[in-house]
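Secondary and tertiary structure notes
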Amino acid sequence: MSNQAASVLQLKGGFIYTLRLILQSNDIEEIKKSLEERLANTGSLFLNEPLIIDVNGIEAPLAWAELIDFLESKNLPVIGVSAQGELLEQAKGRGLYIIDVDNLPSREAPEPSPTDEPVVLEASPQPASQDPDHKKQALEEQVSPTMVLKRQLRSGQRVYARNADLIVIGAVSRGAEIIADGNIHVYGPLRGRAIAGARGNTSARIFTSHLDAELVAIAGIYRLIDQDFSTEIHKQPVIIELEHESLLFHQGDDLN
């Protein structure tokens, strides 16, 4: 093979974190309603995230075309389906890529709690590459400089620290959104949304001197303010980290 032909393309391993949409009902209207509510609360947390549809918990029929059109209208591109039985055959007949989610590597997690909700969203990691160039790139990303903002973020403003930590010296207002692939530090009231580890970094943390957020998330695991932050941490200095698929909140008096 000539050098010219060899330079046309390269094949390299890689990894992505996907969302896994676990359906517990085939009622398409209820599914759409539940997703609308979930996405309204989470802002851009799941925006443009690749998605696997898991229908192992339901039986046929399912309005595949309507569901996929709806997901894509919400900027959730479908990359595959996990199914069995008749739904598996239907998915194959529509040319959908079949994924065995049981063989995907995953972070250690406790048994899921029972829920009445018809839709669950969770992060599912894909296999990591062993390619040396990929490892080098990952290392370079880890040492990227920290982004520092010395101002208030107002409602509707959005900041993304790609491959970096984010430090905000000032308030993050309700309706504002801060995102980082690494850690997030907010030295001021955090009232909007804070999303750390946006590309799957489970060791990322959120630090704030005043927790009053609408939403906090690490590596796709999130919690909303309406789920009752305890009085011990509400409007207090807090450190948030991810452990076994759950967000842990620690008092951080040293952040004052």
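Residues numbered from 1 in each chain as written. Predicted model: local features only at pLDDT ≥ 70, side-chain atom pairs only at ≥ 80, totals over all residues. Heavy atoms only, no water.

- The name an unreviewed UniProt entry assigns to the chain is Probable septum site-determining protein MinC, from the organism Oligella ureolytica.
- Per UniProt, the chain has the following entry under Subunit (unreviewed entry): "Interacts with MinD and FtsZ."
- For the record of the chain, the UniProt heading Sequence similarities (unreviewed entry) holds the text "Belongs to the MinC family." (UniProt positions renumbered as here; feature names shortened; annotations may be inferred.)

1. Some thoughts on a nonpolar patch on the surface
- Where nonpolar side chains cluster on the molecular surface, the patch consists of Val148, Ile169 and Tyr187 and spans about 240 Å² of accessible area.
- One can find Val148 in strand S5 (residues 147-149). (Patch = residues over 30% accessible without salt bridge, like charges linked within 9 Å, V, L, I, M, F, W, Y side chains within 5 Å. Areas by Shrake-Rupley, 256 points an atom, 1.4 Å probe, with all protein chains shown as cover. Salt bridge = Lys/Arg side-chain N within 4 Å of Asp/Glu carboxyl O. Helix = DSSP H or I, 4+ residues; strand = E, 2+ residues; numbered from the N terminus.)

2. Regarding the side chain of Glu177
- Here Glu177 is to be found in strand S8 (residues 177-180).
- Look at Glu177 and you get buried, because its relative accessible area is 5%.
- Of the polar contacts made by the side chain of Glu177, one reaches the side chain of Arg158; its length is 3.0 Å. (Buried < 20%, exposed > 50% of the residue type's maximum accessible area, 1.4 Å probe, protein only. Polar contact = N/O pair within 3.5 Å; in protein donor to acceptor, adjacent residues only side chain to side chain.)

3. Quick notes on helix H3 (residues 64-73)
- Every buried residue of H3 is accounted for by Trp64, Leu67, Ile68, Phe70 and Leu71. One side of H3 holds all its buried residues, which, seen down the axis, span an arc of 160°.
- Just beyond H3, the residue with positive phi is Asn75, at close to 60°. (Arc of directions from axis to C-beta.)

4. A short note on the confidence of the model for the chain
- With 72% of its residues at a pLDDT of at least 70, the chain reaches an overall mean of 78.
- At the low end of the mean pLDDT range in the chain sits strand S4 (residues 119-125), at 45; at the high end sits strand S9 (residues 184-190), at 95.
- For residues 105-129, every residue scores under 50 in pLDDT, and the model assigns this stretch 70 contacts once sequence neighbours within four places are set aside. (pLDDT = per-residue confidence, 0-100. Contact = heavy atoms within 4.5 Å.)

5. Describing the sheet that holds S8
- Overall, mixed pairing links the 5 strands, which are arranged S6-S8-S10-S12-S13 in an open sheet. Where the open sheet ends on each side, the last strands, each with one partner, are strand S6 (158-161) and strand S13 (221-224). Pairwise comparison of adjacent strand axes, ignoring direction, gives a mean angle of 5° for this sheet.
- Relative to strand S10 (residues 193-196), S8 is paired through 3 bridges, and the arrangement is parallel. Along S10, the bridge assignment pairs Glu177 with Arg193. (Pairing = 2+ DSSP bridges. Axes fitted to C-alpha atoms, helices over the stretch in contact; angles between N-to-C directions.)

6. Focus on the sheet that holds S9
- With mixed pairing, 6 strands are arranged side by side in an open sheet as S5-S7-S9-S11-S14-S15. If you trace the sheet from one side to the other, it starts and ends with S5 and strand S15 (246-251), each paired once. The mean angle between the axes of side-by-side strands here comes to 20°, regardless of whether they run parallel or antiparallel.

7. Things to note about the pattern of salt bridges
- The full count for this structure, using the stated rule, is 8 salt bridges.
- Glu36 serves as the salt-bridge partner of Lys74, at 3.1 Å between the closest nitrogen and oxygen. One end of the pair, Lys74, is in the loop between H3 and strand S3 (78-82); the other, Glu36, is in helix H2 (residues 28-42), with 38 residues separating them in the sequence.
- Classification of Glu36 as partly exposed rests on a relative accessible area of 36%.
- Because the salt bridges share partners, they merge into one network encompassing Glu29, Lys32 and Glu66.

8. Observations regarding unusual backbone geometry
- Residue Asn75 is not a glycine yet carries a positive backbone phi of 60°.
- Relative to the helices and strands, Asn75 resides in the loop between H3 and S3.
- Relative accessible area serves as the criterion here: at 36%, Asn75 is assigned to the partly exposed category.
- Although it is not a glycine, Glu245 adopts a positive phi angle of roughly 65°.
- Tracing the sequence through the fold places Glu245 in the loop between strand S14 (238-243) and S15.
- The class for Glu245 is partly exposed, based on a relative accessible area of 22%.

9. Topic: the pairing of S3
- By the criterion of burial, S3 is predominantly enclosed, with 4 of the 5 residues buried.
- Handedness of the crossover joining strand S2 (residues 51-54) and S3 through H3 is recorded here as right-handed. (Right-handed = clockwise from strand over helix to strand, strands pointing away.)

10. A closer look at the environment of Lys235
- The topology assignment puts Lys235 in the loop between S13 and S14.
- On the accessibility criterion, Lys235 (44% relative accessible area) is partly exposed.

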